[in-house]
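Understanding the architecture of this molecule
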Amino acid sequence: MSHADLANLSDKLMLSTVVLYIVALVAYAADLGFGQRRRDAEIAETTKAKVLVGADGAEVADASAASAGTSAGPSAASGDDAGADGRKVEWMRLAILLNVIGWAAHLGFIATRGLSASRWPWANMYEFLAAIAFAAVTAFLVVMWRYRAQFLGAFVMAAAVLALGVANIWLYDKAGPVVPALNSYWIAIHVTAAITATGAFTVAGASTLLYLLKARQEARLATAATAATAATAATAATAATAATATAATATAATGRAAGSGPAPVAATALGGSGFMSRVPAAETLDRLALRVTMFAFPIWTAAIIMGAIWADEAWGRYWGWDPKEIWSFVTWIIYAAYLHARATAGWKGRKAAILSLIAFAALLFNFFGVNYIFSGLHSYA
Amino acid sequence: MTNSSDTTAAADEAAADEATAADAAVGAAATAAPAARQAPGDGPRPKGLGPVGWLRWGWRQLTTMRTALILLFLVALGAVPGSILPQRGQAPEKVADYFDKHQTAAPWLDRLSLFDVFAAPWFAAIYILLFVSLAGCVIPRAVKHYKSMRARPPAAPRNLSRLPQSASYETDASPEEVLAEARALLRGRRFRTDLSTGGGKGTAGSAVAAEKGYLGETGNLVFHLALLALLFALGMGNLFGYRGNVVLAEGKSFANALNNYDQFMPGRAFDTDALAPFSISLDDFTATYEAKGEKRGQATDFEAKIRYRDEPSAPEKKYDLRVNHPLKAGGAKVYLLGHGYAPAFTVRDGKGDIAFKDTVPFLAMEQRNYTSEGVIKAPDAEPEQLAFYAILWPTAMASEDGKQIISAFPGPLRPMVTVSSFKGDIGLDSGAPQSVYKLEGIGKTLQPIKGGQKLLEPGESFELPDGAGTVTFDGLKEWTSLSINRDPGRVPALIAAILAVAGVATSFMVRRRRVWVRATAAKGGRTVVEVGGLTLGNPTPEFDDIVAALRGPVAEEPAGEPAVERADERADEPGTDRDPGSATESKE
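This write-up is about the structure you can find in this document. On a predicted model such as this, the values are computed, not experimentally measured, just so you know. (Residues numbered from 1 in each chain as written. Chains lettered and ligands numbered in written order. Predicted model: local features only at pLDDT ≥ 70, side-chain atom pairs only at ≥ 80, totals over all residues. Heavy atoms only, no water.)

Residue and element names in this part refer to chain B. Taken in spatial order, the four strands line up as S5-S7-S8-S9 in an open sheet, and their pairing is antiparallel. Where the open sheet ends on each side, the last strands, each with one partner, are strand S5 (253-255) and strand S9 (317-322). Within the sheet, the average angular offset between the axes of one strand and its neighbour, ignoring direction, is 30 degrees. Where S5 lies against strand S7 (residues 279-289), three bridges are found, and the strand directions are antiparallel. Each bridged residue has a counterpart across the sheet, and for Ser253 the counterpart in S7 is Ser281. (Pairing = 2+ DSSP bridges. Helix = DSSP H or I, 4+ residues; strand = E, 2+ residues; numbered from the N terminus. Axes fitted to C-alpha atoms, helices over the stretch in contact; angles between N-to-C directions.)

This is the structure we're talking about:
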């Protein structure tokens, strides 16, 4: 194939990728939304069944405690219940299938783009952003495969579609040669590392964002659950006249369910709120975010250092406080702060998560802001 | 420094608590990052402590993780203005421009060193504090780590079943046999092991304590120490190195001496006599541009053919100097940074004598097609000095409305210059330095010559009115700007950087693991074996493999025992953390 054919093919593959990702996004979202509604219905049924069986107040309280207990399983270990609901599995399967095909098209786009220009396919902002989206989707697929993090699918797909949309609408550039400064084997090393790290940081960012939402919801539901438990116990006490003792045990039982286990117990017991109940416990999200960040951070470090080596070859200095260098450094520092905060009492959890999001914002700014607002040596746009 | 060991001692206790506490799973940090820097912040406030007490308190505050976090954040925050405001080190002309535009704000910003952020005292204060804080934490930690690598693994906690990972089983083997076997097994897995005999404090039965994964902490420490080394390397480069810029036109030579530089920035401790005596001649510079298609005019390659000598007596060597392909000469590095056009002119004065004959570097007025401007100064012209302002179009053509000349391509396809002539006093005789790119005193000492404008192609001459002289556009050459520098911190910085990356990767991949095996004689000649595991961060499947290997051969019939055990052990020797199967089975 000629270079023009390849360039043409790469443009078409880009279009296919975007379409596939959009459909995958819808399927992931459908899984989050409808999957939950069906399960809510199931829970309601089981609860009702138990309430019907129970004649006196003590058993009512018991039933709610029991349903809390049963629903704790699936939400804590998300994915284990995949077989329980046929249609939900279909949505998820469809989403993953489309995602993987989209990913392959994306890979094809990058390969043909590089071949058509006979160089590494990340030499301008369009290609760079497309490659970052690819890295993010790849990181997500790996995380999904290793940690069953399907729930991130909708968010990562949304980010990828957004990135590819921006790339195609505002940054599109025909395949062509590079400026001499980029004509170095370092582009294969430095830029690849930066892309990989950015992709992984995107997944970590999605997980962190979910963590913050989920943690807030868990905290709210935990308080709500305590109140509800008290109320149930009270009704139980009035309904069963001579059952003060049983009411007390019921409270104790439900109290234990809400207090000892992770908070989603309470969340699902109360019917949850929307898709959030499809998302695993906050602690799991936090740990996932940390793991992915711990993967990305050394790569980002290496990307900066290899950039310095390249800068030393190309511009005669390895560190010159170019805007890109400043913001890479700022990003690195804040992620380092996050990793330290994550291991420090009093900073763990919410504060650390916010640091991580600030770092991600700095990363995004480093990509867009620095290239379009400041003039510097990295302005290849 | 003694104070800091208190800090770590407290941290030590915290770590020990963590090892024994029942809720260690919740408390254990998931990173190998310094989890220990927490203790002292909440201590009692010093009251009437005296100077030493205050110093100690201050040192403790400085070395806490909280302070380090704040300092990290401040470094990040402090770096931001460096990207928003123009910086003297990178673009002094933009700083001057900013001063013109913001006459009230600029002096204030300048007082805060905001045009020189990375050399600002406050920025230095932040990062020096940060690095002192880092050193104050990491160095004692390194000592402690070194000791703990040589010390015995920590003794078994009383209640192994309260650890995040635990198992227990009974066997017919005697406690001694069990422990000996456990020790051999753990050693085979490259744990450091220690056997403690039971008895004290109601602990029944002897136990094997094993620990491994010191490399994680080593990597962590190497990372932090490498950052310190990196800072020192950068400082050393700044102190002892130099950098300078030279504009060199085709056919010209440069010898590495101070007065040959157009711009020279030595480090504070740099000795000017130490400039390596190399020399460079530029024979030919070629810029290649994309000639057709949408990317027409985009540069694809720059190449400068040079000859150089490492020292005056050394043989001459050839080199193709390109972007990303610097020259190493006499301990310095020479980079191709920029380029431009240098038209050659000959100026004859009113008497017909040659007053000037040379190439003149022109500066690009726009980067796309290299329309360039420059000046020619002929102070030797008689009776009056002559000067010219000229605009060059590398590929001249008429603009669309036909009224102007524009350049249509950055390469020299059809070069043309227009010259405007001046006569009078150029101002060079006073000895005051002047830019070679500008004429000074136009309208005052220098008067424009009426009818002194002319469009010239290469080889054409222009006879000035009133017999003032002639100017000839001899042809078009190009100049390159070279950056020359020597940085003694370069190699140390590179080594430190590589160590830092290796260190941080290692510290994230290797985690410290502790395993304890306790065997207690029970009734009926049976032995109760308890196994407990504590991994920094999350539990790993490795523990379950160890338990399986321990009980497997004992519980089953002894015949198949050695083979099974061997196979097990070998299978997960390298990548134990990554075997999901065995993890979930034996737990829960």
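Text resumes after the structure shown.
All names here are of chain B. Using the criterion set out here, one finds 36 aromatic pairs over all chains in the structure. On the numbers, 4.8 Å between centres and 50 degrees between planes, the contact of Tyr242 with Phe270 is tilted. With Tyr242 in strand S4 (residues 242-249) and Phe270 in the loop between strand S6 (263-266) and S7, this pair connects stretches of sequence that are 28 residues apart. When the ring centre of Trp108 is taken as origin, the NZ or CZ atom of Arg111, which lies over that ring, is 4.4 Å away. (Phe/Tyr/Trp six-rings, centres within 6.5 Å; stacked < 30°, edge-to-face > 60°. Lys NZ or Arg CZ within 6 Å of the ring centre and 35° of its normal.)

What follows deals with the pattern of salt bridges. Residue and element names in this part refer to chain B. Enumeration over the complete set of coordinates arrives at 29 salt bridges over all chains. Residues Asp358 and Lys252 are paired through a salt bridge, measuring 3.0 Å at the closest nitrogen-oxygen approach. Of this pair, Asp358 sits in strand S12 (residues 354-359) while Lys252 sits in the loop between S4 and S5, placing them 106 residues apart in sequence. Taking relative accessible area as the criterion, Lys252 reaches 31% and is therefore assigned partly exposed. Across the salt bridge formed by Arg322 and Asp301, the nearest N and O atoms sit 2.7 Å from each other. Of this pair, Arg322 sits in strand S9 while Asp301 is found in strand S8 (residues 299-309), placing the two residues 21 residues apart along the sequence. With a relative accessible area of 30%, Arg322 lands in the partly exposed category. (Salt bridge = Lys/Arg side-chain N within 4 Å of Asp/Glu carboxyl O. Buried < 20%, exposed > 50% of the residue type's maximum accessible area, 1.4 Å probe, protein only.)

All names here are of chain B. The five strands lie next to each other as S13-S14-S15-S18-S19, forming an open sheet whose pairing is antiparallel. Edge positions in the sheet fall to strand S13 (363-364) and strand S19 (446-456), since each has one partner strand and no second. The pairing of S13 with strand S14 (residues 372-378) spans two bridges and is antiparallel. Residue Ala364 lies in a different strand from S14, and its bridge partner there is Ser372.

Residue Pro383 of chain B is bonded to the preceding Glu382 of chain B through a cis peptide linkage, with omega at 0 degrees. Position of Pro383 of chain B relative to the elements: it lies in the loop between S14 and strand S15 (385-393). Even without being a glycine, Ser118 of chain A presents a positive backbone phi close to 55 degrees. Mapping Ser118 of chain A onto the fold places it in the loop between helix H3 (86-117) and helix H4 (125-147). On the basis of relative accessibility, which here comes to 53%, the residue Ser118 of chain A falls in the exposed class. Look at Ser113 of chain B: it is not a glycine, yet its phi comes out positive at around 60 degrees. Looking at the element boundaries, Ser113 of chain B is found in the loop between helix H6 (105-111) and helix H7 (121-150). Classification of Ser113 of chain B as buried rests on a relative accessible area of 17%.

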